[in-house]
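Below, each chain spelled out in residue letters.
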Amino acid sequence: MTKNTVFSLFKGIPLSFILVVLFLLQILLAVGLTAYLSIHNGQKAVNEVASELRHEVVNRVEQNLQTYLSTPRQVLRGNQNLINIGLLKIENLPTWESYLIEQLKTFPDALALTVSNEQQEHLTVEKLNDRQFLLKKAGKSTEYDLYTYKIDSQGQRTQLPEVIKNYDARSRPDYQTAVTAKKFSFSQIFIPSNEPRLFISASQPIYNSQGQLFGVNSTLIRLSEIGDLLQNIKVGKSGQIFIIERSGLLVASSTTEEPFRLQNGKPIRLAASQSVNSSTQAAAKYLTTKFNNFDQIQSLQQLNFSLDGKRQFLEVKPLQGESNLNWLIVVNVPEADFMGQINRNPQTTIFLCLGALGLATILGIVTARWITQPILDFSTATKDLTDFTNDKDSVVIVQGIKEVEMLGESFNEMAQQLRKNFTALTIKNAELELQVKQRTQDLQQEIQERINSEQKLRQHHRVLAELANHKALFEGNLETAFKVITEKAANALEVERVSVWLFNDERTKLQCISLYERSNQKHSAGLERNLADYLIYYKAVVALSTIAITDTRTDLRVQELWDKLLEPNNIVSLIDTSIWVGGKIVGTVLYEQIDTPRTWEVSEENFVSSIAEFVALTLEVCNRKQAESALREAEEAAEMANRAKSTFLVNINHDLRNPLNSILEITEALKDGVYGLVNEEQQQSLTILESSGKNLLELISQILDFTDTESSKIELQLAATSIQGLCDYSLNFVKHLAFQKNIQLRAQVPEELEPIQVDERRIRQVFINLLTNAIKFTKEGGEVWIEVQPTATNEYIFFSVVDTGIGMLSDDLFKLFQPFMQVENASTRRSTGSGLGLVMVQKIVELHGGTVHAESQLGKGSRFTVKLPWKKVDKWEVEV
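As the structure is a computational prediction, the values presented were derived from the model and not from experiment. (Residues numbered from 1 in each chain as written. Predicted model: local features only at pLDDT ≥ 70, side-chain atom pairs only at ≥ 80, totals over all residues. Heavy atoms only, no water.)

A. Quick peek at unusual backbone geometry. Positive phi values are uncommon outside glycine, yet asparagine 166 reaches one of about 50°. When you line up the elements, asparagine 166 lands in the loop between strand 5 (157-164) and helix 4 (173-181). Of the residues examined, asparagine 166 reaches a relative accessible area of 64% and is grouped as exposed. (Helix = DSSP H or I, 4+ residues; strand = E, 2+ residues; numbered from the N terminus. Buried < 20%, exposed > 50% of the residue type's maximum accessible area, 1.4 Å probe, protein only.)

Encoded structure:
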C-alpha cells in the first residue's frame, strides 16, 4: 500500500479524530501486547509443567515396570546361585518339586516355574490359586511322556488324564530362546489358548564351570497386572498411559481396555491404533505418521498433537534395562487439564483494556483540539505542493507558532529540492524504459531459442525411446533395424541423408549397409569406399569418435571426399560418428546436410552418439543370436553323441557280460577239478584269470552305473529307512574283507534315531563303496568305523567313514571325484580300481540332495563325510 493510498483513507477526516484514534490504537496495542505476553508466558509455564509431569510419570512407569520385571530375574538368579553352591542339581529334577512350590508362594507375581535339562527331563509347577498347583513332569521314569498332576492344599497328588507322548522340552521356545541367547532373556508375548490373557516367560540357561549346557530354568508371569500398575498412576484429570511393542501391539493400558480382542472365540493381540479408546487410538496413529517405523524411537520424545481440535501433550520413552524387551512407554495428557485457570485470565484482561480505552478516549479528544488548530492553518497553505506538473513555484508563508514557522521554512526548502529530484527522475525513467524494452526483446529471442532446443531434445528422446523398444533391434534383424535407425535419425535431425557403413572382413573397405534419403524417402545399400583413398578422413574418425563439420569446403579432414562424394551431392555439412563393438571400431554412421551450412549443437552430437550405440547394440545382438544358434547346434550334436554312447554301452554290456561270465564259470570249474586235476602253477594262473575277470566285470558294472547317472536314468525309490540298519548292513557286507587284513570295524550311532527317507539300495552302495575303499587303503591291524551325527536343528544328518589308512596329500583330494582318476603313490599303485567308485558315491548323494566331503592327511588316514537331508524343522506351539 503506497503513501498516497494511506493518506486517501484519512481524506476528509478531522485531525482531532485521527489523533484520538491513533492514541487509542497505541493504548490498545500496549494493553494487547501485555495481555498476549501474559497469556504466552502462562502457556509456556503450562508447557514446562506438563513436560515435567510427563517426564515424572514416564520415569515412575519405567521404575514400576523394572521392579515388576525384576521378579523373574530374582527367581532365576536365586536358583542359579543354589545350583552353583550344590543345593540344587539340574540332573536331579525330582528334588526341585517342593522347592518350586515354595517359590511360587514366595513370589506371587510368578504363575509357573519350569526346569528342563539336556537329558530330556522336564518339570513344571503352575499356580492355580493360593492352595492348588499343577505339576507337569517328564523323564526317564515316565518313559519321556509328559504327565500332569494336581496338588491340593494337603499336598496330595492326583494324576490328570492329560498325557503327552514323547515330550521333549528342549524343543520349547523358552528353552531354545535361552540356549540361543546364552543368557537371561524374555520370550515374545503370547496368549494361551486356555486363558485369554497376555503372558511372557523369562528363561535362564544353566552351564557348568566348563561352559557345558546343563539345562534351562524358566518362569511365567501375567502382563495384565502391568495394567493394574498403570491404573494406580494418576496423570492429570484425564491423562492416559499405555505400553506398546515396536510392532505397534498393545501391552498394557491405564484404561480398563484389554490389550486383545476375541475373533471367532479366539483371543487376538490388539494394535494400539485399533484401540476403542479414542485417545489411545489417536496417539498411536500420530506416532505411526510421525515416525513411520517405531524402531526409529531410540530416545525420549516429547511431542504435541491435536485431538478433536484440542491440543494433547505426548511423551514416548523406550524401556531401559531389559535388552530384549523392545517396549515403548507412552504418556498422553490433554492440554485442557492445565489451561483452566489460564483461560479465565483473558476475561479480566479484556475488562481492564475497556476501562483504559474509555479514559484514553477522553484524554485524546482534549489533546487533539489543543494541537489541531494551528496545524489546520499550515495545511491550507501547503495545498499547491501536491501538483509537481505545475511550473509555478509554491512558497509557504506561515506566521504564529514558532515551531510551525520553522516547519514552513523547512517545507519550502524541501519543495524546491523535490521538484529538482522529480525532474531528474522523469528523465531517468524514460532512459530505463528504453533499456527494459531492448532487454525484453533479447530475452524473448533467448526464450524462443531455448524452446526450440527443448523441442529438439524431446524429439531426440522420443526417437531413442522408440528405438529402444523396437522389436527388430533385439531380434538382430540387421536390415530392418538399420532401415528404422537411419530413417528415424534423419527425421529427428532434419538432415537429407543418414547411412550406416561397416568394415569388410579384411578391413580394407567400408560397405554401405543402409542409406536413407529423406527428400524421396528411399532406402538403398551396396556402396563401397576404399580406406586407402581416404586415409586422413578415417584417421580423424578413429581418433575423435565423432567429427562435426559445419563447412565441408574448408575442413581439411574431408577434402579427400570433396570432389567425388560431397560436391556432386551438394553436401555442405556433415557429422560422422564411429561404431565400436568389442573394444574396436567396426564402422561409421554418417549424417549429411545439403544446400545450407549447419552448425551442429552439443545435443545433436550426443544424439548421433546414442544412435551409434544402438547400431552397435544391434550388431552385438546379431552376433549373440548367431552364437546362440551355433551353441544350440553343438548341444544337439553332444546330446546325439551321448545317446549313441549310451546305446553302445547297453549293447556292449550284453556282448561283454555273457562271454565274461562263461570264462568265469569255466575258470571256476577248472579250479574245482571238474575237467581233471590241475597242478599248483596252473591253479595260480586260474586264480589270476578269475580275479582279472571279476575286476573286469565290476568295471563294466561301474561304467554302466556311471552312464546311468550321467544320463539321469536313475530314479530313486525313497522309503523310510533305519539309520542303524543301514550302518549294520554295510559293515556286515565288507566284514570278510576286513577279516582278511585283521582290520577292526565298528559304528558310532546315537540311540533311537528316527528313520531317514532314502533309496536304501543306493545308499547302501554309497556306504559299501566308502568302506571298501577305506579297507583297501588301510594296513593290516588298522581300524575303520562309521560315525553318525545329526545337526542341532535335525534338518540334516552326517555319516562319516573314517580309517587309519595311508591317507593322501590335500592337493590330491580334488582328483577323487573325477571319473577314471586315481591318486598315485606307492600304495595306490598296488591297488586295482576303475576310478568310478567315488564318482558314483557323489552322484547318488547329490541325487538325494546331499553332499560328500573328503578330509585326509598323508600317513594318518582319511575321513569321507556324507551329508543327507533328514527331517524338516517344524515350529513348536507355546505350551503353558
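B. Representation of the sheet that holds strand 4 (residues 146-151). On the basis of which strands lie adjacent, the open sheet formed by eight strands has the order 5-4-3-2-1-8-7-6 and antiparallel pairing. The sheet is open, and its two edges are formed by strand 5 and strand 6 (185-186), each paired on a single side. Here strand 1 (residues 110-117) runs beside strand 8 (residues 213-222); their pairing, made up of seven bridges, is antiparallel. Paired with leucine 113 across the strands is threonine 219, a residue of strand 8. Docked against the sheet, helix 3 (residues 97-106) engages strand 1, strand 2 (122-127), strand 3 (133-138), strand 4 and strand 5, running at close to 30° with respect to strand 2. (Pairing = 2+ DSSP bridges. Contact = heavy atoms within 4.5 Å. Axes fitted to C-alpha atoms, helices over the stretch in contact; angles between N-to-C directions.)

C. Fine view of the pairing of strand 13 (residues 301-307). Taken together, the seven bridges between strand 13 and strand 14 (residues 310-318) define a ladder with antiparallel strand orientation. Pairing of leucine 303 across the sheet is with leucine 314, part of strand 14. Between strand 13 and strand 14, which follow one another and run antiparallel, lie two residues, and aspartate 308 among them has a positive phi close to 55°.

D. Molecular detail of the packing of aromatic side chains. Across all of its chains, the model carries eight aromatic pairs by this definition. Seen from their ring centres, tryptophan 96 and tyrosine 99 are 6.5 Å apart, and the 85° between their planes marks the pair as edge-to-face. For tyrosine 99, a relative accessible area of 23% gives the class partly exposed. An angle of 65° between the planes, with centres 4.9 Å apart, marks the rings of tyrosine 537 and tyrosine 538 as edge-to-face. On the basis of relative accessible area, tyrosine 538 is assigned to the buried category, the value being 8%. Clustering of aromatic rings is evident, with ring pairs tying together Tyr534, Tyr537 and Tyr538. (Phe/Tyr/Trp six-rings, centres within 6.5 Å; stacked < 30°, edge-to-face > 60°.)

E. Representation of the environment of leucine 493. Assignment of secondary structure puts leucine 493 in helix 10 (residues 478-493). With relative accessibility at 2%, the residue leucine 493 sits in the buried group. Sequence separation of leucine 493 and valine 608 is 115 residues, and the distance between their C-alpha atoms is 9.0 Å. Discounting residues that sit within four places of it in the chain, leucine 493 has contacts with His460, Tyr591, Arg598, Glu604, Phe607 and Val608.

F. Main features of the pattern of salt bridges. Per the stated rule, a full pass over the model turns up 18 salt bridges. Linking arginine 553 and aspartate 551 is a salt bridge whose minimum nitrogen-to-oxygen distance equals 2.9 Å. (Salt bridge = Lys/Arg side-chain N within 4 Å of Asp/Glu carboxyl O.)

G. Summary view of the side chain of serine 201. With respect to the secondary-structure elements, serine 201 resides in strand 7 (residues 199-207). Leave out the neighbours within four places in its chain, and serine 201 touches Asp174, Ser185, Phe186, Ser187, Phe190, Thr219 and Leu220.

H. Fine view of the nonpolar core. Counting residues in hydrophobic clusters, the biggest one holds 37 residues, and the most contacted among them are Ile756 and Phe799. Those elements that provide at least two residues to this core are helix 15 (723-733), strand 25 (756-758), helix 17 (760-776), strand 26 (783-790), strand 27 (796-803), helix 18 (837-847), strand 28 (851-857) and strand 29 (861-869). Per element, the largest residue contribution to this core is eight residues, and it comes from helix 17. In this view, isoleucine 756 contacts Ala719, Ala720, Thr721, Ile723, Leu726, Ile797, Phe799, Leu868, Pro869 and Trp870; residues no more than four positions away in its chain are not counted. Listed in part, the 32 residues of the second largest apolar core include Val484, Leu502, Val581 and Val608. (Core = buried A, V, L, I, M, F, W, Y, C linked by side-chain atoms within 4.5 Å.)

I. Broad picture of the sheet that holds strand 29. Reading across the sheet, the five strands line up as 24-26-27-29-28 and stay open at both edges, with mixed pairing between neighbours. Edge positions in the sheet fall to strand 24 (744-748) and strand 28, since each has one partner strand and no second. Averaged over all neighbouring strand pairs, the angle between strand axes comes to 15°, with direction disregarded. By the bridge criterion, seven bridges tie strand 28 to strand 29 in an arrangement that is antiparallel. Note that in strand 29 the partner of glutamine 857 across the bridge is glycine 861. Against the sheet, helix 15 makes contact with strand 24, strand 26 and strand 27, and its axis sits at roughly 170° relative to strand 26, the strand it touches most. Running over the sheet, helix 17 touches strand 24, strand 26, strand 27 and strand 29 and is turned about 25° from strand 27.

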